Amino acid sequence: MFKWLGKMIGEPATPAPAGVPAPWLFRLENLLELVDGCTETLRDGLKRDMLQYVLHGTPEAVLHEVGQLGLGVRQLRLLRLLRRHERGEKIEHDIYEHFEDLPIDVALRYARLLDAFGPPHALLCMQLPPGLRWLEVLMVHAARCPIDGYASLPPRPTALSAARLEAMLVAAGAEPGALLVAAFSTPIPTGNVARTQLWEQRLTMVSELADYADALDRHLEQLRPLLLAKAAVQRRHIVNMLHKAAPATQARLPPELRQRFMTGSQPVEHRVHQVPVIDWSAAGNAVAPGFLQTYWQKVNDGIAVHNQRLQEEHPELLTKPSRHRHLQPAAPYDEDDAWALQAYLASNECSQPMQTRDGATAWVHVAPVLEAMASDGITPVALFRMLRFFDLAGDDEGKLKYPAVRAFNAQHRHSGRPTLLELACMMDDAGLSGPALRRNYCNNWADAIGGGWAPDAVWPYFMHHAESVAHALVDTRNNEPAFRPALFPALRLLPTLPDAVVVALFRLALGSAKTDRQAAQDTLDAYPGKEGRILGALGDGKAATRTVAAEWLGRLRHRPAAGALKQALAKEKQKAARRAMLEALQALDEPMG
């Protein structure tokens, strides 16, 4: 058959060896033809030798030759197909469609050829045993992602299976669990966001393999020493890698990790709360005409009484107006105002309408009436709209203004709604900031939202906004420390502490700053496995951290810590840390002789 005709109908020009699917061989030939498109002068027969190596294992020297090619070919790296994928072009021939059907030795040689075309070692992330970097190159290539940098989407080599890669590892003379060990143990660099994201992408792509959950269960005992990492970024990565574990595998995890995953068969953090969907429809939040009539009457009556009192008590203000809003006369609201409010409430809008009245009148006369009437059969959405109409809902930081705080507190006292999370979702929908509601809750010097609310109305908000809460715990800017004291009691309401919050709490609990240290330690009091982390801090590079860890262990009367304290004491040279360790051992009634 003519070669061009075979290419048209998808048949390979080279006879397929036993066990090699003909469609896969045809696609390999097309892939290797990309080398011919390079501008460099290449040895005649190089493509033939590469093909013969993959199919039959000889000549093996072709791997070295490919690795020595100049920059033009190395930049090609057999990845032109990937570039076409990135541009959205349709690729009909996917070389990984039949990869699972290949003989193991052929699959291994194909991976090693890819590795020969691969990037310099500095662009690879996994810490694999010598000779096994082809694993990372193969998975990234199968995921159709750039091998030489960060991908906009996480690599997903779903066409590959962990069982197939393990068989290739065995054929290469390596341990079958080497890939999972590298995925869990490779240190993730910090200090550079792009590098951190790249490493996390490359390591986490192992969890996208078709039968990853089965492989995790097979190699769990080999992975067990790696599961309780010290670095925060590493702990987060390990938790992400364990999310796809089967329930039976989760049951075999260390207690410190099992608490995070085992609640029925779902991870705790995903089970414990539901994010409400806000109904902004006018029909679902209708305000009775009688409510609005009473409302306008009370507002205008209040304005009339206010103006009369000013005239009697402060006649001088008629000629010299005050800048204080409580000492300013106000014009009553008229039919145009009533019509505009009714039209706004009848719409499905949640955006801020254009203001036609001064804010002082709304703040002094509207706000108290809304607070008083918040329980009279009006929904939280309708109340939010009324506050929004009078520009009493949100401030420039995205959090609630004080009139809104008072009104929603009054509504919740009578109806149990809104919950804190429901209110945050309303704020997000309306262009304010749901995370900023934390400041309204933690406000210690003025009206705070949520005071006296039931725990179930509060803690889902903090669980849902765990990342922003964790940031607030350690942020020293934007006056965040002033809001922190009220944050610790809120976190004690949570049924389980999210990982990001745990990391931030331990940073405070073991830190050198005394201001929030005790509150952080108290918040971690019920956290399972905290003693293990405190013991790990005895080996920290900072003497202040070692001192705090020893003091904490002494207060906990954690008797299993005695051995670690003695070992740390034998190495310790700093006086303050030694004294803390001695006092901790004394608290544990441990003899020092």
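Calculation notes
- Residues numbered from 1 in each chain as written.
- Predicted model: local features only at pLDDT ≥ 70, side-chain atom pairs only at ≥ 80, totals over all residues.
- Heavy atoms only, no water.
- Helix = DSSP H or I, 4+ residues; strand = E, 2+ residues; numbered from the N terminus.
- Contact = heavy atoms within 4.5 Å.
- Areas by Shrake-Rupley, 256 points an atom, 1.4 Å probe, with all protein chains shown as cover.
- Phe/Tyr/Trp six-rings, centres within 6.5 Å; stacked < 30°, edge-to-face > 60°.
- Buried < 20%, exposed > 50% of the residue type's maximum accessible area, 1.4 Å probe, protein only.
- pLDDT = per-residue confidence, 0-100.
- Axes fitted to C-alpha atoms, helices over the stretch in contact; angles between N-to-C directions.
- Parallel < 35°, antiparallel > 145°, perpendicular 65-115°, else oblique.
- Nonpolar A, V, L, I, M, F, W, Y, C, P; charged D, E, K, R; others polar.
- Core = buried A, V, L, I, M, F, W, Y, C linked by side-chain atoms within 4.5 Å.
- Polar contact = N/O pair within 3.5 Å; in protein donor to acceptor, adjacent residues only side chain to side chain.
- Salt bridge = Lys/Arg side-chain N within 4 Å of Asp/Glu carboxyl O.
- Left-handed = near helix turned anticlockwise from the far one by under 90°.

Peer 1: Any chance you could explain the overall build of the protein chain here in plain terms?
Peer 2: Secondary structure summary: the protein chain contains 34 helices and zero strands in total. Of the contacts formed within the protein chain by residues at least 6 apart in sequence, a portion of 69% connects residues at least 24 apart. When the accessible surface of the protein chain is split by element, carbon and sulfur atoms take 53% of a total near 28,500 Å².

Peer 1: Before we go on, may I ask you to explain the packing of aromatic side chains in this structure?
Peer 2: Geometry of an aromatic ring pair is reported as the spacing of the ring centres plus the angle between the planes. Scanning all chains against the criterion turns up 17 aromatic pairs. Ring centres 5.9 Å apart and planes at 70 degrees place the aromatic pair W280 and F384 in the edge-to-face group. Of this pair, W280 sits in the loop between helix 17 (268-271) and helix 18 (289-313) while F384 sits in helix 21 (residues 380-389), and the two are 104 residues apart along the sequence. Judged by its relative accessible area of 10%, W280 is buried. An aromatic cluster is defined as three or more aromatic residues linked by ring pairs; in this entry it consists of Y295, W296, Y333, Y344, F389 and F390.

Peer 1: Just to check I follow, could you spell out unusual backbone geometry for this structure?
Peer 2: Among all residues save glycine, negative phi is the norm, and among peptide bonds the norm is trans. Cis geometry marks the peptide bond from T58 to P59; its omega dihedral reads -5 degrees. In this model, R417 is joined to P418 through a cis peptide bond whose omega is 0 degrees. If you trace the backbone, P418 turns up in the loop between helix 22 (402-415) and helix 23 (420-429). One non-glycine residue, D391, lies in the positive phi region at around 55 degrees. Mapped onto the elements, D391 comes out in the loop between helix 21 and helix 22. On the basis of relative accessibility, which here comes to 31%, the residue D391 falls in the partly exposed class. A positive phi angle, near 55 degrees, is found at R557, a position not held by glycine.

Peer 1: It is not clear to me how the environment of H464 should be interpreted in this structure. Could you clarify?
Peer 2: Secondary-structure assignment places H464 in helix 25 (residues 459-464). Along the chain, H464 and P498 lie 34 residues apart, while their C-alpha atoms are 9.3 Å from each other.

Peer 1: Mind showing me how you'd approach the confidence of the model for the protein chain here?
Peer 2: Where the model shows low pLDDT, its predicted coordinates should not be examined in detail. Residues at a pLDDT of 70 or more form 83% of the protein chain, whose mean pLDDT is 82. Contacts from residues 1-10, a stretch scored under 50 in pLDDT, to residues over four places away or in other chains number ten contacts. Residue range residues 262-272 is modelled with pLDDT below 50. Its contacts to residues more than four positions away, or to other chains, number 23 contacts.

Peer 1: When you look at helix 29 (residues 499-509) in this model, what are you seeing that I'm missing?
Peer 2: Structural remark: α-helix, 3.6 residues per turn; residues separated by three or four positions point the same way. Where burial is concerned, most of helix 29 is hidden: eight out of the eleven residues are buried. Buried residues of helix 29: D499, V501, V502, A504, L505, F506, L508 and A509, and no others.

Peer 1: Would you mind showing me how to read helix 21 here?
Peer 2: Most of helix 21 is tucked away, with ten of its ten residues classed as buried. For helix 21, the set of buried residues is P380, V381, A382, L383, F384, R385, M386, L387, R388 and F389. Along its buried surface, helix 21 packs onto helix 18, helix 19 (335-345), helix 20 (359-373), helix 22 and helix 23. Backbone geometry just downstream of helix 21 places D391 in the positive-phi region, at approximately 55 degrees.

Peer 1: Mind showing me how you'd approach the packing of helix 26 (residues 466-474) against helix 29 here?
Peer 2: How two helices sit against one another is set out by the angle between their axes and by the gap between those axes. Across the interface, helix 26 lies against helix 29 with an axial gap of 8 Å and an inter-helix angle of 10 degrees. On the basis of their axis angle, the class for helix 26 and helix 29 is roughly parallel. Facing A466, E467, V469, A470, L473 and V474 of helix 26, the residues of helix 29 in contact are A500, V501, A504, L505, R507 and L508. Here the residues of the contact of helix 26 with helix 29 are counted per class, giving ten nonpolar, no polar and two charged.

Peer 1: Which parts of the structure should I look at to understand the nonpolar core?
Peer 2: If you look at soluble globular proteins, the nonpolar side chains tend to sit buried side by side. Y295, F390, F408, F462 and L565 are the most contacted members of the largest nonpolar core, which totals 101 residues. Contacts of F408, omitting those with residues within four sequence positions, involve P380, L383, F384, L387, L400, P418, L423, M426, I449 and W453.

Peer 1: Looking at this structure, how should I read the environment of R484?
Peer 2: If you trace the backbone, R484 turns up in the loop between helix 27 (480-483) and helix 28 (487-491). Overall, the relative accessible area of 5% leaves R484 in the buried class. For R484, the residues in contact, after removing those within four places along its chain, are A472, L473, V474, D475, T476, L508 and D516. Within the structure, R484 has its side chain in polar contact with the backbone oxygen of A472 (distance 3.2 Å).

Peer 1: Looking at this structure, I do not really get the pattern of salt bridges. What am I missing?
Peer 2: Scanning all chains against the criterion turns up 22 salt bridges. Notably, a salt bridge pairs K401 with D391, separated by 3.5 Å at the nearest N-O pair. With K401 in the loop between helix 21 and helix 22 and D391 in the loop between helix 21 and helix 22, this residue pair connects regions lying ten residues apart in the sequence. Given the relative accessible area of 18%, K401 is considered buried. Measuring nitrogen to oxygen at the nearest pair gives 3.0 Å for the salt bridge that ties R438 to E480.

Peer 1: Is there a simple way to think about the packing of helix 8 (residues 134-142) against helix 9 (residues 162-171) in this case?
Peer 2: Direction vectors running N to C along helix 8 and helix 9 enclose 150 degrees, while the axes themselves pass 12 Å from each other. Between helix 8 and helix 9, the crossing angle belongs to the class labelled roughly antiparallel. The handedness of the crossing between helix 8 and helix 9 comes out as right-handed. Residues W134, L135, L138 and M139 of helix 8 touch helix 9, and the partners they reach there are L165, M168 and L169. By residue class, the composition of the contact of helix 8 with helix 9 is seven nonpolar, no polar and no charged.

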